[in-house]
Amino acid sequence: MTQPPAPGQAPTIEVTDFRMAFGEKVVVDDLTFEVRPGETFGLLGSNGSGKTTTIRALLGIYRPTAGRLLVRGRPYDPATCRGLGYLPEERGLYRKEKVLDVMTYFGQLKGMPRAEASQWSLYYLDRVGLADKAKQRIERLSGGEQQKVQLGVTVMDNPDLLILDEPTKGFDPVNRRLLMDVIEAHRAGGATVVIITHQMEEVERLCDRVLLLKDGRAEAYGTVPEVQDAYGGRTIRLGFAGVLPEGPFRVIRHETNYAELEEDSSADPQAVLRLLLDAGVVVRSFDASRLSMDEVFLRVYGHSSDKEL
């Protein structure tokens, strides 16, 4: 996990008192957060919560109604702010052109020599299982294959700041793991990563800290464990025989010889285990873990919420 920035080390991204209104409709209001150097930061929320608006304002696509949005200490300027890779939710590839030609072209736009861009593109295509598609037109690729190419374009100049909007959307588990490995490699190399995803296991696996937006305001902000703990105690998965006593927990699932218990936020799992044993319960298995980010999401946005972030 990341530590607070060292003295004198500014946040990579700093958003202060951000407000965005379109006419009478306020989309984001009074939003303040920071992304620290070298961390992976999750920006989460239901449809219409203001995530994409915030990123677009950060990158100068929208002009904020109020507030300050800085990248490396200054308003973002594509002419001077190098080392930033942005993967938008809406993809932008030249569909009639060949895969290798498109990737090489974008590499040159990023300042890479043509030969270097071409060589890197071939290496990347092989890594993500698309080596045999290098000479095919983009339009002949599946949606997932195009997504792989788009991610390659985003990371090919080894940016030290990545902003990724749904990078694994529509992928099967094998390809999702492959693309997560690509992202993790950049993260391990010291890149700062901002990720918008509806895959909560990706949040738990990758993110140091998260911000949950709801109706344009910060609903929760902190490390993943801090956010998990804010919405409930640990969940205990219990294999047992006997009668469960009353205790500092709530039974959320009860079947023959199996139960799931939600601890009170102040409860100690070992104290719960001792209580069960003292009550004569035969404990066959006992696993205590924090509330999953999936469950946090449901508690914040409701079970009917569409998890498109």
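The structure we're discussing is the one just above.
Residues numbered from 1 in each chain as written. Predicted model: local features only at pLDDT ≥ 70, side-chain atom pairs only at ≥ 80, totals over all residues. Heavy atoms only, no water.

**A look at the packing of aromatic side chains**
Think of a pair of aromatic rings as described by two things: how far the centres are apart, and how the planes are tilted against each other in angle. Enumeration over the complete set of coordinates arrives at eight aromatic pairs. Ring geometry for Y94 against Y105: centres 6.0 Å apart, planes inclined by 70°, an arrangement best described as edge-to-face. Taken together, the positions of Y94 in the loop between β5 (84-87) and α2 (99-109) and Y105 in helix α2 put the pair 11 residues apart, joining distant regions of the chain. Ring geometry for Y105 against F106: centres 5.7 Å apart, planes inclined by 70°, an arrangement best described as edge-to-face. The class for Y105 is partly exposed, based on a relative accessible area of 37%. Each residue in the set F33, F41 and Y221 is aromatic and connected to the rest through ring pairs, giving one cluster. (Phe/Tyr/Trp six-rings, centres within 6.5 Å; stacked < 30°, edge-to-face > 60°. Helix = DSSP H or I, 4+ residues; strand = E, 2+ residues; numbered from the N terminus. Buried < 20%, exposed > 50% of the residue type's maximum accessible area, 1.4 Å probe, protein only.)

**Side note on the pattern of salt bridges**
Using the criterion set out here, one finds 21 salt bridges in the structure. D29 is the partner of R217 in a salt bridge, and the nearest nitrogen-oxygen pair spans 2.8 Å. With R217 in strand β9 (residues 217-223) and D29 in strand β2 (residues 25-35), the pair connects residues that are 188 residues apart, well separated along the chain. Given a relative accessible area of 42%, R217 falls into the partly exposed group. The partner of D181 in a salt bridge is R177, with the nearest N and O atoms 3.4 Å apart. (Salt bridge = Lys/Arg side-chain N within 4 Å of Asp/Glu carboxyl O.)

**Quick word on the side chain of T12**
Here T12 lies in the segment before β1 (13-22). Setting aside chain neighbours within four positions, we find T12 in contact with V35, R36, P37, L70, V71, R72, L161 and T192. (Contact = heavy atoms within 4.5 Å.)

**Focus: the sheet that holds β2**
Spatial ordering of the open sheet is given by β2-β1-β4, a layout of three strands whose pairing is antiparallel. With partners counted over all chains shown, the strands left at the sheet margins are β2 and β4 (66-71), one partner each. Each strand of the sheet is rotated relative to its neighbour by a mean of 20°, with strand direction disregarded. Packing against the sheet, helix α1 (residues 51-58) makes contact with β1, β2 and β4, and its axis sits at approximately 115° to β1. (Pairing = 2+ DSSP bridges. Axes fitted to C-alpha atoms, helices over the stretch in contact; angles between N-to-C directions.)

**Here's the deal with the packing of helix α4 (residues 143-155) against helix α5 (residues 173-188)**
The contact between α4 and α5 brings their axes to 12 Å, and the two run at 0°. As summarised for this structure, α4 and α5 are arranged roughly parallel, according to the angle between their axes. Here α4 contributes K148, L151 and V155 to the contact with α5, which in turn contributes N175, L178, L179, V182 and H186. Grouping the constituent residues of the contact of α4 with α5 by class yields five nonpolar, two polar and one charged. (Parallel < 35°, antiparallel > 145°, perpendicular 65-115°, else oblique. Nonpolar A, V, L, I, M, F, W, Y, C, P; charged D, E, K, R; others polar.)

**A look at helix α9 (residues 293-301)**
Of the positions making up α9, those classed as buried are M293, V296, F297, V300 and Y301. Along the long axis of α9, the arc covered by the buried residues comes to 105°, so they all point the same way. Tucked into the core, α9 has its buried residues touching β3 (40-45), α6 (200-206), β8 (209-214), β9 and α7 (224-230). The first or second residue beyond α9 is G302, which carries a positive phi of 95°. (Arc of directions from axis to C-beta.)

**Re the sheet that holds strand β13 (residues 282-289)**
On the basis of which strands lie adjacent, the open sheet formed by four strands has the order β11-β12-β10-β13 and antiparallel pairing. The two strands at the open ends of the sheet, each matched to only one other strand, are β11 (249-255) and β13. Averaged over all pairs of adjacent strands, the angle between their axes in this sheet comes to 20°, without regard to strand direction. Both strand β10 (residues 235-241) and strand β12 (residues 258-263) contribute to a ladder of five bridges, which runs antiparallel. Across the sheet, T235 pairs through a bridge with E262, a residue of β12. The strands touched by helix α8 (residues 269-278) are β10, β11, β12 and β13; relative to β13, the strand with the most contacts, the crossing angle is about 165°.

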